[in-house]
Amino acid sequence: ISLANQIAAGEVIERPASVVKELIENSLDAGASELVIDIEKGGRRRMRIRDNGAGIAKDELPLALARHATSKITSLADLEAIQSLGFRGEALASISSVARLTLTSKPEQQNQAWRAWVEGRDMTAELAPASHPTGTTIDVEDLFFNTPARRKFLRTDKTEFAHIDELIKRIALSRYDVRITLNHNQKVIRQFPAVTQAQALTRITKVIGRSFSDAAMAIDCAHHDVRLWGWVVPPEACRHQADAQYFYVNGRMMRDRMLNHAIRQAYGDTLTDERSPTYVLYLELPATDVDVNVHPAKHEVRFHQARQMHDFVLQSVRRCLSDRVH
Ligand code: ADP
Ligand code: MG
């Protein structure tokens, strides 16, 4: 079986937020500690991400735009113990086939920055010298300009931006150490300074709000090499349709049915009248015990020991909630 067949089907570029997600994951994979995200018109006009990561060398720029060119996996063994966020080597190629993508980058040891873009029907990469500090800027303009059918499915700028904003919040809660700025139509919308793990609640307050951090109870449970830590809000403080449900597995945000079920069950019947469990939780386990390559959008995981994981989450959250003083 070829490596390509082992890899789940192509990246899903459904809307502006999916583009932003891929670009940010690349920046994080490149070790960036600062991200500046400029969005125009909900992303349909422009999505530009600047990072201070490792950069891309001049001769690798055309490769970065080519399909199935990834610098991140070389064997099936790598695929099974996947650590980096992106690994299919298709995001940039897919994006540049449905938008005008320009890549500008400078690795630290290179004197000059270079810019690359693809042009024409044969999609050949063009190169030109540019000015850029160490790191990478990817500028994506006019999403779906050449695919009107897909453009039709875009919602209003406001809705598309709301998706991007939610994505940025999820990322902000997964990487406290990364400074993040989000601008929309030249206006600063979010600004999260880098903080240490110990100052996590400072960032959580900025991302979700004081009502969360004031009510949240800390949780930190370990069992063999599995650890669950973070914060849960006791049922009496959970609100209607609370949207603060953030669950990370080895640093990736997940919306997993089985995990949701475990948490919901931990609250039991203490949650009345359609209130929702509210939490920011981090599950950490050996990369080889979990398969993240199940769904192309990477929201679902497959645990090798699903039942045990379900019960561990259930019991940890239940114990935390039952410890509270009324
Ligand atoms: P993948 O992330 O799956 O490898 P992508 O199409 O997303 O594939 O990116 C292709 C390649 O371009 C990456 O493997 C990486 O080498 C390079 N790259 C993309 N974005 C960046 C970035 N922001 N900083 C450094 N390198 C990048
Ligand atoms: Mg990628």
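Just so we're clear, the structure is a prediction, and the values are computed from it rather than from any experiment.

Peer 1: So, the overall build of the chain: which residues are in play, and what are the values?
Peer 2: For the chain, the helix and strand inventory stands at 11 helices and 15 strands. Across the chain, every contact between residues at least 6 apart in sequence was considered, and the portion connecting residues at least 24 apart equals 68%. For the chain, the computed accessible surface area is about 16200 Å², with 49% contributed by carbon and sulfur atoms.

Peer 1: Provide a residue-level description of the packing of aromatic side chains, including the pertinent values.
Peer 2: Applying the stated criterion across every chain, the model contains four aromatic pairs. Summarising the aromatic geometry, the rings of Trp 229 and Trp 231 are spaced 6.2 Å apart at their centres and angled 75° between planes, so their arrangement reads as edge-to-face. Judged by its relative accessible area of 12%, Trp 231 falls in the buried class. A centroid spacing of 4.3 Å and a plane angle of 20° characterise the contact between Trp 229 and Tyr 282, whose relative ring orientation is stacked. Residue Trp 229 is found in strand E10 (residues 226-233), and its partner Tyr 282 is found in strand E13 (residues 278-284); the two are separated by 53 residues along the sequence. This pair shows no difference in class: Trp 229 is buried, exactly as Tyr 282 is. By way of ring pairs, the aromatic residues Tyr 176, Trp 229, Trp 231, Tyr 248 and Tyr 282 are connected into one cluster. The side chain of Lys 58 reaches across the aromatic face of Trp 114, ending 4.1 Å from its centre.

Peer 1: So what's going on with the sheet that holds E10? Residues and values would help.
Peer 2: On the basis of which strands lie adjacent, the open sheet formed by five strands has the order E9-E10-E13-E11-E12 and mixed pairing. Each having just a single partner strand, strand E9 (217-223) and strand E12 (252-253) make up the two edges of the open sheet. Note: strand E11 (residues 245-249) against E13, five bridges, orientation parallel. Opposite Tyr 246, over in E13, you have Val 280 as the bridge partner.

Definitions and cut-offs
- Residues numbered from 1 in each chain as written.
- Chains lettered and ligands numbered in written order.
- Predicted model: local features only at pLDDT ≥ 70, side-chain atom pairs only at ≥ 80, totals over all residues.
- Heavy atoms only, no water.
- Helix = DSSP H or I, 4+ residues; strand = E, 2+ residues; numbered from the N terminus.
- Contact = heavy atoms within 4.5 Å.
- Areas by Shrake-Rupley, 256 points an atom, 1.4 Å probe, with all protein chains shown as cover.
- Phe/Tyr/Trp six-rings, centres within 6.5 Å; stacked < 30°, edge-to-face > 60°.
- Buried < 20%, exposed > 50% of the residue type's maximum accessible area, 1.4 Å probe, protein only.
- Lys NZ or Arg CZ within 6 Å of the ring centre and 35° of its normal.
- Pairing = 2+ DSSP bridges.

Purely geometric numbers; function is a separate question.
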